[in-house]
There are 2 protein chains.
Amino acid sequence: MSEIITPRTLSGFMELLPKDQVIFDKIRNTLEKTYTNYGFFPLDTPILEDSKILLAKAGGETEKQIYRFNKGDTDLTMRFDLTVPLAKYVAKNYSDLVFPFRRYQIGKVYRGERAQKGRFREFYQADIDIIGDGELGILNDAEIPSIIYSIFNSLGIDNFVIRINNRKVLNGLFDMYGLKDNATDVMRIIDKIDKIGVENVKSELADIGVDKDTVDTIISVLTFKGSNSEVANMLSEYKGRNEIFDKGIEELVQVTDYIEKFGVPKDYFKIDLTIARGLDYYTGTVYETFIKDHPEYGSVCSGGRYDNLAEYYTKKSLPGVGISIGLTRLFHVLSENEFLNRTFENPVEVLVIPFTEDVSVAVETASKLRNSNISTQIYLEDGKFKKKLTYGNKLSIPFCILLGEDEIAENKVSLKNMNEGTQETLDLSAAIDKILAARNNLCSERIVNM
Amino acid sequence: MSEIITPRTLSGFMELLPKDQVIFDKIRNTLEKTYTNYGFFPLDTPILEDSKILLAKAGGETEKQIYRFNKGDTDLTMRFDLTVPLAKYVAKNYSDLVFPFRRYQIGKVYRGERAQKGRFREFYQADIDIIGDGELGILNDAEIPSIIYSIFNSLGIDNFVIRINNRKVLNGLFDMYGLKDNATDVMRIIDKIDKIGVENVKSELADIGVDKDTVDTIISVLTFKGSNSEVANMLSEYKGRNEIFDKGIEELVQVTDYIEKFGVPKDYFKIDLTIARGLDYYTGTVYETFIKDHPEYGSVCSGGRYDNLAEYYTKKSLPGVGISIGLTRLFHVLSENEFLNRTFENPVEVLVIPFTEDVSVAVETASKLRNSNISTQIYLEDGKFKKKLTYGNKLSIPFCILLGEDEIAENKVSLKNMNEGTQETLDLSAAIDKILAARNNLCSERIVNM
C-alpha cells in the first residue's frame with residue numbers, strides 16, 4: 001500500500017460541502033432562469049485558449065495574473081474573464097449569429113492573484129451581453145438594470161442599489177477642462193473615490209498636474225448630491241460646451257428615465273457620477289451594484305456599454321452592453337454575513353426505508369414518487385431501525401417512508417414528517433399529496449435574508 | 001489600431017452555435033434532473049489541483065495526457081476525470097459527510113490526447129457515485145442501471161443496451177485456471193474482444209503464455225450466448241471451485257434479478273462476460289452502455305463497483321459504485337448521426353416588437369409575459385417593420401407580439417404565430433393563454449430521435 005497523501009484543495013479555490021453546494025446551485029439557477037426569461041441564449045466556451053487569442057489586448061496587470069503554460073508547441077492560457085472569449089466567439093461566428101446577439105454565460109475564470117480573504121483564483125462569473133452589428137439601441141442600456149433588479153429580487157436580496165453613470169459625461173467634462181490627454185489617469189483616480197475618499201482623490205489629481213481650480217470644479221460636479229433629476233439639472237448647466245458631454249447627458253437621462261419603466265423602483269438605482277469603471281473599453285453607460293450596508297465589498301455586479309467588442313479579431317464594429325456578476329464572490333459575501341437563510345431546501349425530498357429483506361415494494365414506491373417528480377432515495381443498506389432513520393435525519397431529508405411487513409401486507413406506507421416528528425400510515429397516493437402540499441407551503445423563492 | 005488576429009478555437013475543444021448550445025444544455029439538464037430525482041447531491045470541485053493530489057495514483061498513460069504546469073512554486077494539474085477529485089473530497093471532508101454519500105458532478109475534464117474525430121481534449125463528464133463508509137449494499141449496484149435507463153429514456157434514446165458483468169467472476173475464473181498473476185493482462189486483452197475479435201484475443205492470450213486449452217475454455221465461457229438466466233446457469237456449472245468466482249456469480253445474479261425490479265425492461269440490459277473495464281480499480285459489478293446500431297462508438301456510459309475510492313488519501317475503507325457519462329462525446333455522437341431532432345425548442349418564446357417611439361407599452365407587455373414565466377425579448381432597435389420581423393424569424397422565436405399605435409390605443413396586442421404564419425389582435429391575457437397552450441402541445445421531452 002502506498003503512502004497516504006494528505007488531501008487538500010488549493011488556496012483560492014472554492015469547494016463546498018453538499019448543503020452549501022445546493023444553495024450555490026440554487027443561486028446559479030436563479031441567474032440562468034432570469035437571463036433566459038429576458039431572452040438571452042446560453043453560451044459555453046473553452047476554459048483553455050490559445051494565448052495569442054486571449055492576450056491580444058491584455059496589459060501588464062492581466063499578464064501577471066494569468067495561468068499560462070505550454071503543452072507541446074501550443075502556448076495556452078486559462079481564460080481570465082468571459083468577455084475576451086465572447087469577443088473571439090462573435091468575431092469567429094459572425095456570419096452564423098443573429099444581431100443583436102444576446103448571450104449569457106456562467107463559467108469559471110482564473111486569476112492567479114495573491115490569495116487573501118474573499119479573493120479567489122478560480123471563480124464563477126455570470127455574464128450577459130447584448131451585441132449589435134454596427135449599432136445597438138440605447139434602450140438596451142436601460143433594460144440591463146431591470147435584469148439585475150429581477151435577479152437580486154428573486155434571491156431575496158433587498159438592500160442594494162445600482163449606481164449608474166455615463167463615460168461620455170466624464171470624458172466630455174475632462175475635455176472641457178483640458179484634460180483630454182490624461183483622461184484615463186483622471187478616470188482611474190476618480191474611480192477610487194469610494195476607497196480613498198475625496199481629499200486623497202484631490203491630492204492625487206494634483207499630483208498628476210491638474211490645477212487646483214479644475215480639480216475643485218470637477219470634484220464638485222462629480223460628488224453633487226441629489227435625486228436623479230436634480231443631478232441631471234445640475235449637469236444641464238454645463239451643456240453646449242462639449243459635444244461628447246452633451247451626448248452623455250442625453251444618454252444618461254434617457255437611460256435613467258427608462259429604467260423605471262423597465263420595472264426598477266426609484267430606490268434601487270441612482271446616478272453616481274463618480275462611477276468610472278477603470279476598464280478602458282467602456283464608452284457610455286456604466287453600472288455598479290452595491291449592497292447598501294456593505295460598501296466594503298465593493299460592486300457585486302458591474303458592467304457597461306462599449307463601442308467595440310472584438311476590435312482585435314475583426315474590423316467589424318460590434319458595439320455592446322453587458323454586465324458581470326461575480327457569482328463565487330457574491331456567494332462568499334452572502335455566506336460570510338450569515339445572509340444565507342439556513343432553512344436549506346433539500347433537493348432530496350423523500351427517503352424510502354425498507355424493513356424487509358426483499359426491497360421490491362420499496363423500489364416500486366420510489367418509482368411512483370419519482371414519477372410524481374418527487375426526488376427520492378431508497379435506503380439500500382442493512383441495519384437497525386434507528387440507524388436507517390438517523391441517516392434521513394443527518395441528511396435533513398424532510399420525509400421518510402417506512403415499509404415494514406405490516407405496511408406491505410396492508411398495501412399502505414408509513415409517512416414520517418421529519419421536521420414535525422409526526423408519523424401516519426396511509427395510502428401511497430395520499431402520502432404523495434401530503435408531500436407535494438408541504439413542498440408548496442415552503443416559501444421556496446426566499447433563500448437569502450438580509 | 002492593432003493587427004487583426006484571426007479568431008480560432010483550439011482543436012479538440014467543443015464550442016457550439018447558440019441553437020446547438022440550447023440542445024446541449026437541455027441534455028445536461030435532463031441528466032441533472034434525473035440524478036437529483038434519484039437522490040444525488042450536487043458537487044463542484046476545482047478544475048486545477050495540486051499535481052501531488054491528482055497524480056497520486058496515475059500511471060504512465062495518464063501522465064502523458066495531462067495538462068500540467070507550474071505557477072510560482074506550485075505544480076498544478078488540470079483534472080482529467082471526476083473520480084480522483086471525488087476521492088480527495090471524500091477523504092478531506094470525511095467527518096462532514098453522511099454515508100452512503102451520493103453525489104453527482106457534471107463538469108469539464110482535460111486530456112491532451114492526439115486530436116482526432118470524436119476525441120476531445122476538453123469534455124464534460126457527468127458522474128454519479130454512491131460511497132459507503134466501510135461497506136455498501138449490493139443493491140446499489142442494481143439501482144445504477146435504472147438511472148441510466150431513466151436518462152436515456154428521457155432523452156428519447158431507445159436503441160441502447162446496458163451490458164453488465166462482475167469482475168469477481170472474471171478474476172475467479174482466471175484464478176481457477178492458474179492465471180491469477182497475469183489477471184490484469186488477461187483482463188486487458190479480453191476487454192478488446194469487441195474491437196479486435198475473438199481470434200485475435202485468443203492469439204494475444206497465447207502470446208502472453210496462456211496455454212491453448214485454457215484459452216479455449218475461458219473464451220467459450222466468456223462468449224457464451226444466452227439469456228441472463230442461461231448465462232447464470234452456465235456459470236453455475238463452475239461453482240464450488242473458487243470462492244471469488246462463487247461470490248461473483250452470487251452478486252451478478254442478485255444484481256441482474258433486481259435491475260428489472262428497479263424498472264429496467266429485460267431488453268435493455270444483458271449480462272456480457274466479456275465486459276472487463278480496463279481500469280484496475282473495479283472489483284465487482286461493471287457496466288457499459290452501447291447504442292445498438294452503433295457499436296463503433298463504444299460505450300457511452302460506463303462504470304462499476306470498487307472497494308476503495310480513496311486509498312491514496314485515507315486509510316478508511318470507502319467502497320463505492322458509480323458511472324460516468326461522456327456528455328460531450330454523447331452529444332457529438334448524437335449530432336453526427338442526425339439523431340438530434342432539429343425541432344429545436346427556443347428558450348426565447350416571445351419577441352415583443354414596438355412600432356412606436358415610446359416603448360413603454362412594450363416594456364409593460366414584456367414584464368407581464370415574464371411574470372407568466374414566458375421568456376421574452378423586447379426588440380429595442382430602430383428599423384422598418386420587415387427588419388424587426390425578420391429578426392424574430394432568424395432566431396426562430398415562435399411568437400411575435402406587435403405593438404403599433406392602433407394596438408396601444410385599443411389596449412390590445414397583435415399576436416403572430418411565426419410557425420403557422422397566422423396573426424390576430426386580442427387582449428394580452430388571451431395572447432398569454434394561447435402561448436402557454438402552444439407550449440404544452442410541444443412534445444417537449446422528446447428531443448432526440450433515433
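See above for the structure.
None of the values given here were measured: they were computed from a predicted structure.

Definitions and limits used
Residues numbered from 1 in each chain as written. Chains lettered and ligands numbered in written order. Predicted model: local features only at pLDDT ≥ 70, side-chain atom pairs only at ≥ 80, totals over all residues. Heavy atoms only, no water. Contact = heavy atoms within 4.5 Å. Salt bridge = Lys/Arg side-chain N within 4 Å of Asp/Glu carboxyl O. Polar contact = N/O pair within 3.5 Å; in protein donor to acceptor, adjacent residues only side chain to side chain. Helix = DSSP H or I, 4+ residues; strand = E, 2+ residues; numbered from the N terminus. Nonpolar A, V, L, I, M, F, W, Y, C, P; charged D, E, K, R; others polar. Buried < 20%, exposed > 50% of the residue type's maximum accessible area, 1.4 Å probe, protein only. Pairing = 2+ DSSP bridges. Least-squares fit on C-alpha atoms with pLDDT ≥ 70 in both. Axes fitted to C-alpha atoms, helices over the stretch in contact; angles between N-to-C directions.

**Student:** Quick rundown of the interface of chain B and chain A? Include the residues and the values.
**Tutor:** Contacts between the two partners involve 103 residues from chain B, matched on the other side by 103 residues from chain A. Where chain B touches chain A, the interface holds ten salt bridges. Residues B:Asp358 and A:Lys261 are paired through a salt bridge, measuring 3.9 Å at the closest nitrogen-oxygen approach. Put simply, chain B and chain A have 40 residue pairs in polar contact (both at pLDDT 80 or more) between them. Broken down by element, the residue count for the side of chain B that touches chain A peaks at eight residues, all from helix H1 (residues 18–37) of chain B. Its residues assigned to classes, the side of chain B that touches chain A comprises 53 nonpolar, 21 polar and 29 charged.

**Student:** Before we move on, can you summarise the pattern of salt bridges with the specific residues and values?
**Tutor:** Counted under the stated rule, the structure contains 48 salt bridges over all chains. With a shortest N-O distance of 3.0 Å, A:Arg102 and A:Glu143 are connected by a salt bridge. Of this pair, A:Arg102 sits in strand S5 (residues 101–110) while A:Glu143 sits in helix H5 (residues 139–154), placing them 41 residues apart in sequence. Accessibility classification places A:Arg102 together with A:Glu143 in one group, the buried group. A salt bridge links A:Glu251 to A:Lys168, with the nearest nitrogen and oxygen atoms 3.1 Å apart. Here A:Glu251, found in helix H11 (residues 243–261), pairs with A:Lys168, found in helix H6 (residues 167–176); they are 83 residues apart in sequence, far enough to count as distant. Note on A:Glu251: relative accessible area 8%, which makes it buried. The class for A:Lys168 is buried, based on a relative accessible area of 17%. Several salt bridges share partner residues, and in doing so they unite A:Glu15, B:Glu49 and B:Lys88 into one network.

**Student:** Help me get a handle on the pairing of strand S9 (residues 282–291) of chain B, residues and values and all.
**Tutor:** All names here are of chain B. A large share of S9 lies buried, amounting to nine of its ten residues. With three bridges connecting them, S9 and strand S10 (residues 301–306) associate as antiparallel partners. The partner of tyrosine 287 across the bridge, within S10, is glycine 303.

**Student:** Quick one: what's the story with the relation of the copies chain B and chain A, residue by residue and with numbers?
**Tutor:** Note on the identical chains: chain B maps onto chain A by a rotation of 180° and an axial translation of 0.0 Å, with an RMSD of 0.0 Å. Accordingly, the operation relating the two chain copies is best matched by a two-fold axis. No C-alpha of chain B approaches the rotation axis more nearly than that of B:Phe69, which lies at 3.1 Å. Comparing contact sets, 100% of the residues at the interface of chain B also lie at the interface in chain A, consistent with an isologous, same-surface contact.

**Student:** Before we move on, could you go through the sheet that holds strand S7 (residues 160–166) of chain B and cite the residues and values that matter?
**Tutor:** All names here are of chain B. Spatially, the eight strands line up as an open sheet ordered S1-S5-S6-S11-S10-S9-S7-S8, and their pairing is mixed. The open sheet is flanked by strand S1 (41–42) and strand S8 (269–271), the only strands paired with a single partner. This element, helix H13 (residues 327–336), spans strand S5 (101–110), strand S6 (122–131), S9 and strand S11 (320–326) of the sheet and lies at about 40° to S11.

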